[in-house]
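Structural description and commentary
The lines below spell out each chain.
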Amino acid sequence: MGNIIREKSYKFALRIIKMRKYLIENNKEYTLSNQVLRSGTSIGANVEEGIGAQSRKDFISKMSIAQKEAFETRYWLRLLRDSKEIKKEYADSMISDCDELISILSKILITSKSNTE
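1. A word on the overall build of the protein
- Scanning the protein from terminus to terminus reveals four helices and zero strands.
- Mapped from its N terminus to its C terminus, the protein presents α and β elements in the order α-α-α-α.
- For 117 residues, the compact-globule estimate of 2.2 N^0.38 gives 13 Å, and the protein sits close to it at 15 Å.
- If one aligns the C-alpha atoms of the protein with their principal axes, the spans along those axes are about 50 × 25 × 20 Å.
- Relative to its 117 residues, the protein shows a buried fraction of 38%.
- Here the contacts in the protein between residues at least 6 apart in sequence split such that 73% fall between residues at least 24 apart.
- Total accessible area on the protein stands at roughly 6900 Å², and carbon and sulfur atoms take up 53% of it.
- Taking the average location of the 21 positive side-chain charges in the protein and that of its 16 negative ones, the two points are 0 Å from each other.

2. Observations regarding the nonpolar core
- Grouped together as the largest cluster of nonpolar side chains are 27 residues, with contacts concentrated most on Phe12, Met19 and Leu77.
- Elements with a contribution of two residues or more to this core: helix H1 (4-27), helix H2 (31-51), helix H3 (56-82) and helix H4 (88-114).
- Ignoring any residue separated from it by four or fewer positions in sequence, one finds leucine 77 in contact with Phe12, Met19, Val36, Ala91, Met94, Ile95 and Cys98.

3. As for the packing of aromatic side chains
- In the structure shown here, the tally under the stated rule is one aromatic pair.
- For the ring pair tyrosine 75 and tryptophan 76, a centre distance of 5.1 Å and an interplane angle of 70° mean the geometry is edge-to-face.
- A relative accessible area of 14% places tryptophan 76 in the buried class.

4. Overview of unusual backbone geometry
- The backbone phi angle of lysine 28 is positive, close to 55°, even though this residue is not glycine.
- Within the secondary structure, lysine 28 is located in the loop between H1 and H2.
- Residue class for lysine 28 comes out exposed when judged on its relative accessible area of 55%.

5. As for the side chain of glutamate 29
- With respect to the helices and strands, the residue glutamate 29 is situated in the loop between H1 and H2.
- No salt bridge is formed by the buried glutamate 29. Its closest oppositely charged neighbour is arginine 20, at 7.5 Å.
- In terms of polar contacts, glutamate 29 uses its side chain to reach the backbone amide nitrogen of leucine 32, at 3.0 Å.

The rules we used
- Residues numbered from 1 in each chain as written.
- Predicted model: local features only at pLDDT ≥ 70, side-chain atom pairs only at ≥ 80, totals over all residues.
- Heavy atoms only, no water.
- Helix = DSSP H or I, 4+ residues; strand = E, 2+ residues; numbered from the N terminus.
- Rg over C-alpha atoms; globule rule 2.2 N^0.38 Å.
- Buried < 20%, exposed > 50% of the residue type's maximum accessible area, 1.4 Å probe, protein only.
- Contact = heavy atoms within 4.5 Å.
- Areas by Shrake-Rupley, 256 points an atom, 1.4 Å probe, with all protein chains shown as cover.
- Lys, Arg positive; Asp, Glu negative; His and termini not counted.
- Charge placed at Lys NZ, Arg CZ, Asp CG, Glu CD.
- Core = buried A, V, L, I, M, F, W, Y, C linked by side-chain atoms within 4.5 Å.
- Phe/Tyr/Trp six-rings, centres within 6.5 Å; stacked < 30°, edge-to-face > 60°.
- Salt bridge = Lys/Arg side-chain N within 4 Å of Asp/Glu carboxyl O.
- Polar contact = N/O pair within 3.5 Å; in protein donor to acceptor, adjacent residues only side chain to side chain.

This is the structure we're talking about:
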């Protein structure tokens, strides 16, 4: 069995990339799409860095950054939904996936921090 957070954050990043492409091609929307692209793909990048961390402290730091990026991504997704740049159903699906990443990262951080005390 693979690493759940690694797999889910990667698949989420792919969805973010596809959504940005749609926003640019169909809506000519660049500002919010650039923001959500940056934060949405950063989640997985930080997870990858965390997996290769040199220490538990480094691991916790990278997973914390991934979690913060997930919170930011959720914000941009809500703005895209509420400004009607993307359909509500699609946005809600993306937000649900983002919430799942936040939940997994929260559990990873709780466990990692409790093992250091």
